[in-house]
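Overview (structure and organization)
For reference, the chains in residue letters:
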2 protein chains.
Amino acid sequence: MEDIKVVVENLMELLAERKFAEIRKLLNDANPVDVATVLGEVPEEKLLILYRMLPKGEAADVFSEMDPEEQETLIRAFNEREIKEVIEEMYIDDAVDLVEEMPAVVVNKILRHAEPETRKQINELLKYPEDSAGSVMTTEYMSLKTDMTVADAFERIRRTADEKEDIYTCYVINPHRKLQGTVSLKDMFLTSKDTLIGDLMETNLISANTLDDQEAVAMTMAKYDLNTIPIVDKEGRLVGIVTIDDAIDVIQEENTEDFEKMAAVMPQDKSYFDTGVFQHVKNRLPWLLILMISSMLTGTIIERYEIAFQTMPLLVALMPMITGTCGNCGTQSSTLIIRGMALGEVRLSDYFKAVWKEIRVSIIVGISLAIVNMIRIYLQYKDVKLAIVIALTLIFCVVVAKLMGCSLPMLAKKLNLDPAIMASPMLSTLVDVSSVWIYFQIATIVIQKSTS
Amino acid sequence: MEDIKVVVENLMELLAERKFAEIRKLLNDANPVDVATVLGEVPEEKLLILYRMLPKGEAADVFSEMDPEEQETLIRAFNEREIKEVIEEMYIDDAVDLVEEMPAVVVNKILRHAEPETRKQINELLKYPEDSAGSVMTTEYMSLKTDMTVADAFERIRRTADEKEDIYTCYVINPHRKLQGTVSLKDMFLTSKDTLIGDLMETNLISANTLDDQEAVAMTMAKYDLNTIPIVDKEGRLVGIVTIDDAIDVIQEENTEDFEKMAAVMPQDKSYFDTGVFQHVKNRLPWLLILMISSMLTGTIIERYEIAFQTMPLLVALMPMITGTCGNCGTQSSTLIIRGMALGEVRLSDYFKAVWKEIRVSIIVGISLAIVNMIRIYLQYKDVKLAIVIALTLIFCVVVAKLMGCSLPMLAKKLNLDPAIMASPMLSTLVDVSSVWIYFQIATIVIQKSTS
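The model shown is predicted, which means the values in this text are computed figures rather than measured ones.

1. Observations concerning the sheet that holds strand β1 (residues 141–144) of chain B
Residue and element names in this part refer to chain B.
- Spatially, the 3 strands line up as an open sheet ordered β1-β2-β3, and their pairing is mixed. What marks the edges here is a single partner per strand, and that holds for β1 and β3 (179–184). The sheet shows a mean angle of 35 degrees between the axes of neighbouring strands, direction not considered.
- Strands in contact with helix α12 (residues 150–160) are β1 and β2 (166–173); relative to β1, the strand with the most contacts, it is inclined by about 150 degrees.

Right, here's the structure in full:
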C-alpha cells in the first residue's frame, strides 16, 4: 500500500504513451479494492478514461469501493447507460449508501436512471433511521419455502444466486413472509436431495429488528459467529439481512467513535486526512471549551487555599503529581469499565460487584503509591509533615478517583447516555477538582495541627 | 442476557425435581453460545450432569464456547469416550485454543485420547508463535484440484463438508499443495456442471503468511470483505485458513488492547471480572509509578518559579486550566493519529502532511481559547498582565501539545514500538512538563517587563 504513488505514476505514464492494452491488463489483474484506492489518487480529469478501461464485470465492484468524491465525479460524467449499469450491478445496500452521500442533483440523476424496482427498494431502505439495523441491511437474501426439497432449493439458488449478496445461509419464509427458519447451504450438501427444507431448517432463530441499533446487531453476529443475520419488521416479516462485512465496518466505526469520545473529540465519519482543518477545529473546540470551564472550578478551589501554599510552597510543586496520578487512576478504571460494557462483559446489574472490586484495587494501589512517595519526599525534602500530607492525599484520592472512574460510565449508561463521553477528559476534570480539594484540605489540617 | 440468573435458578429447580425431559428440551432449544453461558453459572458439581443431558450433536459446540475453567472441570471429569468425542468433534483451531489454556496434566489427558491424526494437527498448530496468523488458523479447509469439474467438486464437498470449518470458498492447490486459486461455491452454482475448476478459479489471490501478525491478517480480511483467507507457508504451500469469526475476535482483542494501553493499563487477556484484584493491581501500578516519576519533573520546574507564583498567586489557581486544556489538546491529536494508523488511514510517509494539518488546527484552536480566556480573566480579575500571560501561554502550549500528540505515536511506530503506549497518560505527562515551563517562562518575562 505504501507504493500507491508508484502505481499511479506508472499508470499516468502508460496513459501518456497511450498503452491502453497494458493499462487494461494492470487494472484487470488487481483487486477491485486496490483499483478503487489507485483511482482515488489519479487526477480528476483522468478518472473517467481509466474507469472506462475496467473490465465490464468489475467496474461496478470498483465503483462500490470508491470514496464519495470520486463516485460523484464519475456519476456527473457518466452517460445514461453507464449509470444504469452501475446502479443495477451494485448491491442494494451499497446503492443506498451511495444515494445517502450524494448531493440532491446527483441523487436525482441516479434515481431517474434506475429500474423502477431498484428505485423502490432504494427508497424503502432510505427510510430507516441512521445507525439502525434497517439502514445497513440488504434486501438481496436467498429465501426458500418449507415445502421445497433440497433439489428445488438448489435449482432456485442456481437461478437467482447472481443477484443475491449471500446464498450460504438461506431464509425460510411462509406466504406472509414471516421468518420460519434458516438452512445453511452446507446442511443442504450433507443431506439427500429429496429432504424437505421444512424438515432440515434450524428453527432456533437469532434475528434482529429493523430498528435495533446497528452496533447491537453487529455484536450479536460476533457473539454467535454468524455470517449473516435476518432482520425482521415489527410483525416478524423478513425484510433483509445484515452481512458480516458490513457488521465489521460497524464494529470498527463504533470503536473509532469510542476512541474519539474518550479523547474529547466529536465523532466524525470521515478519515483523519479527509476531514478539513476547520472541521477538525469544529470537532475539537467545543469539548475543550466545556472542559476548560469546569477546570476553572479547580482554580477556584486553589484560590481558597492561598494561605496553605504561601505557608508551604512545596505544596504547589507537588500538585501536578497528585492530579496527574489521580487522573490516571480514574482513567484506568473508566476505560476498563467502558470497554467491558462495550463488549457486554460488564452489565449495569454488576454495579456493586464493580465498586467492590475497584475499592479493593484502589486501596492496594493507593497505599503502594503512598509508601513510595512518603519515602521519596522524606529523602528529598526531609519534611515529615509534607510526606504525611502526600501519603494521606494519595490514599484518599486514588480511592475517590477509581470509584468515580467506575461509577460515571455506568451512571451514563443508566441514564441512556453514551458511557464513553464520561471517559478520560470529563472524568479527569472531576477527579482534578476532588483531588485538589482533598489535597489542600488534608494539608490545612496537618499544618494547623502542627502549628497549634 | 440479563436474566441468566433466572434461567440458572429454573434449571436448578428442574434438576432438584428430577424433571430431566424438561431440562433436555430447554437445553436443546437454546443456542450453544447461550447454553455455554448458562453452564458457566451453575455450581461446579452440577456441570457434568447437565452437560451429559445435551443432545449429542450439540455437546461439542457448547463445549467450544465455554470458559477455560468449566472446560477444565469437564475434561477432568470426562471418561475416555467423552474426551474422544469432544476433541474429534471440535474444529481443530478450537482444540488448539483449548490445549493452550489447559494445565499440563489435562493436556496429556486430551492428547492421549485424541486420534493420531488430530494429535499431529494440534501439535503442528501449537508451534506457531502467539499472535501469528498460524496460531489462529484452522487446517479444516476445502481443497480442490484444477482438473476437477464442478460436478466432481460438488461430489467432493458432499463427501467431506462435515469436517470442514468453511466450504463456501474452496482452495485450488497443485500436487505440491501450492495455492493456485480460489473458487466460491456461488460461482460453482452459477456455471455448468462440466466447467473445469481450473477455468473457473480466481487467480488474483489475497493470502497471508503463517508468521504474519494476526491483526494485519484480520485487517486485510476486513478491507477486502473476505470471509476466509488462505494462509501459506514460506514456500507458498497452503497450510490453513483464517475464518472471519476468528478475525473479528482478533480485531476486538486488538481494540481492547489499544484502549488499555491508552489508559495506562497493561493489556490482559481476561475480562474485567475474570481478572483478580491482585492482577488488576499488577496491571495498573507499574504505569502509575512510571508516570508519577515523570510528573515529578513538572514539580521540579514549578519549584524553580517559586518567586513568580509568590508575586502573582493567581498563577497557581490557573495552572490546572492550562495543563488540563493542553493535555486534552494533545490527547485529541494523539488519539486521532493512533486510530488513523490502526485503521491504515494514516501512514508513516504522511508525517509532514499530519504535522502541517495539526499546526493549522492548533493555531486556530489556540487563538480561540486565548481570546475566550483573555476576556474571562480580564472580566474576573481586571488584570491585563495576567490576561496576556494566559492568552500567550495557551497559543504556544496548544501548538506544542498538538505537535507532540501527532509526533509521538508516529515516532513510536517508526521505532517499531506500539503507537498506543505513547497515548494519553504518557503524552499528558510530557505536555504537562512543557506547558508548565512555557507558562512560567512567559509569566516571568511579562512580570519582569512590567516591573522594570
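2. Describing the relation of the copies chain A and chain B
- Overlay of chain A on chain B (RMSD 0.2 Å): rotation 180 degrees, translation along the axis 0.1 Å. On this basis, the relationship between the two copies can be described by a two-fold rotation axis.
- Interface overlap between copies is the fraction of interface residues in one copy that are interface residues in the other; for chain A against chain B it reaches 100%, indicating a shared surface.

3. Brief notes about the interface of chain A and chain B
- Taken together, the contacts link 111 residues of chain A with 112 residues of chain B.
- Between chain A and chain B lies a buried interface of about 10,500 Å² when both sides are counted; carbon and sulfur atoms form 65% of it.
- It is F189(A), F259(A) and F273(A) that lose the most area in chain A upon contact with chain B, and together they represent 8% of the buried surface on that side.
- The interface formed by chain A and chain B contains 4 salt bridges.
- There are 33 residue pairs in polar contact (both at pLDDT 80 or more) connecting chain A and chain B.
- Classifying every residue of the side of chain A that touches chain B by side-chain character gives 58 nonpolar, 25 polar and 28 charged.

4. Focus on the side chain of K109(B)
Residues and elements named next belong to chain B.
- Here K109 lies in helix α9 (residues 104–113).
- As a buried residue without a salt bridge, K109 has its nearest oppositely charged side chain in E82, at a separation of 8.0 Å.
- Only 3.2 Å separates the side chain of K109 from the backbone oxygen of F78, close enough to count as a polar contact.
- Excluding anything up to four places from it in sequence, K109 contacts I75, R76, F78 and I83.

5. Observations regarding the nonpolar core
- In terms of nonpolar packing, the biggest core is built from 127 residues, with Y51(A), F63(A), F78(A), Y51(B), F63(B), F78(B) and I229(B) touching the most fellow members.
- Residues within four places of F78(B) in sequence aside, it is in contact with L48(B), Y51(B), F63(B), I83(B), V86(B) and K109(B).
- Core analysis: the next-biggest nonpolar cluster, separate from the first, contains 93 residues, L318(A), V446(A), I377(B) and C397(B) among them.

6. Examining the packing of aromatic side chains
- In the structure shown here, the tally under the stated rule is 23 aromatic pairs over all chains.
- Each ring, one from Y51(B) and one from F78(B), has its centre 5.3 Å from the other, and the planes form 45 degrees; the classification is tilted. Of this pair, Y51(B) sits in helix α4 (residues 44–52) while F78(B) sits in the loop between α6 (68–77) and α7 (80–89), placing them 27 residues apart in sequence. Like Y51(B), the residue F78(B) is buried in the burial classification.
- Each residue in the set F154(A), F189(A), F154(B) and F189(B) is aromatic and connected to the rest through ring pairs, giving one cluster.
- Residue placement shows K382(A) over the ring face of Y378(A); its charged tip is 5.6 Å from the ring centre.

7. Notes on the environment of D383(A)
All names here are of chain A.
- As for its placement among the helices and strands, D383 is situated in the loop between α20 (351–381) and α21 (384–414).
- Excluding residues within four positions of it along the chain, D383 makes contact with I377 and Y378.
- A polar contact is formed between the side chain of D383 and the backbone nitrogen of K385, at a distance of 3.2 Å.
- In this structure the side chain of D383 is engaged in a polar contact, spanning 3.0 Å, whose partner is the backbone nitrogen of L386.

8. Re the pattern of salt bridges
Residues and elements named next belong to chain A.
- If you walk through the whole model with that rule in mind, you get 24 salt bridges over all chains.
- A salt bridge links E85 to R81; its shortest N-O distance comes to 3.0 Å. Placement of the pair is E85 and R81 together in helix α7 (residues 80–89), with a separation of 4 residues, close to one helical turn.
- Taking the relative accessible area as the measure of exposure, E85 reaches 30% and is therefore partly exposed.
- Because the salt bridges share partners, they merge into one network encompassing K56, R81 and E85.

9. Here we look at unusual backbone geometry
- Positive phi values are uncommon outside glycine, yet K382(A) reaches one of about 50 degrees.
- As for its placement among the helices and strands, K382(A) is situated in the loop between α20 and α21.
- If you check the backbone angles, D131(B) has positive phi at about 65 degrees while not being a glycine.
- By secondary structure assignment, the location of D131(B) is in the loop between α10 (116–126) and α11 (133–136).

10. Things to note about a nonpolar patch on the surface
All names here are of chain A.
- Where nonpolar side chains cluster on the molecular surface, the patch consists of I363, I367, I371, M374, I375, Y378, L379, V384, I388, L392 and F396 and spans about 990 Å² of accessible area.
- Going through the elements one at a time, α20 and α21 are the ones with two or more residues in the nonpolar patch.
- At 7 residues, the largest contribution of residues to the nonpolar patch is made by α20.
- Relative to the helices and strands, F396 resides in helix α21.

11. Looking at helix α19 (residues 314–342) of chain A
Residue and element names in this part refer to chain A.
- Between its first and last C-alpha atoms α19 spans 42 Å; for 29 residues at 1.5 Å apiece the expected length is 42 Å, and the two agree.
- Counting buried positions along α19 gives 26 out of 29 residues, so the element sits mostly inside the fold.
- G344 sits one or two residues past α19 and shows a positive phi near 80 degrees.

12. Regarding the sheet that holds strand β4 (residues 208–209) of chain A
Residue and element names in this part refer to chain A.
- Strands sit in the order β4-β5-β6 across an open sheet of 3 strands; the sheet is mixed. If you trace the sheet from one side to the other, it starts and ends with β4 and β6 (238–243), each paired once.
- Across the face of the sheet, helix α15 (residues 214–223) comes into contact with β4, β5 (228–232) and β6 while running at roughly 140 degrees to β5.

The rules behind the values
- Residues numbered from 1 in each chain as written.
- Chains lettered and ligands numbered in written order.
- Predicted model: local features only at pLDDT ≥ 70, side-chain atom pairs only at ≥ 80, totals over all residues.
- Heavy atoms only, no water.
- Pairing = 2+ DSSP bridges.
- Helix = DSSP H or I, 4+ residues; strand = E, 2+ residues; numbered from the N terminus.
- Axes fitted to C-alpha atoms, helices over the stretch in contact; angles between N-to-C directions.
- Contact = heavy atoms within 4.5 Å.
- Least-squares fit on C-alpha atoms with pLDDT ≥ 70 in both.
- Buried area = accessible area lost by both parts, 1.4 Å probe.
- Salt bridge = Lys/Arg side-chain N within 4 Å of Asp/Glu carboxyl O.
- Polar contact = N/O pair within 3.5 Å; in protein donor to acceptor, adjacent residues only side chain to side chain.
- Nonpolar A, V, L, I, M, F, W, Y, C, P; charged D, E, K, R; others polar.
- Buried < 20%, exposed > 50% of the residue type's maximum accessible area, 1.4 Å probe, protein only.
- Lys, Arg positive; Asp, Glu negative; His and termini not counted.
- Core = buried A, V, L, I, M, F, W, Y, C linked by side-chain atoms within 4.5 Å.
- Phe/Tyr/Trp six-rings, centres within 6.5 Å; stacked < 30°, edge-to-face > 60°.
- Lys NZ or Arg CZ within 6 Å of the ring centre and 35° of its normal.
- Patch = residues over 30% accessible without salt bridge, like charges linked within 9 Å, V, L, I, M, F, W, Y side chains within 5 Å.
- Areas by Shrake-Rupley, 256 points an atom, 1.4 Å probe, with all protein chains shown as cover.
- Expected span 1.5 Å × (residues − 1).

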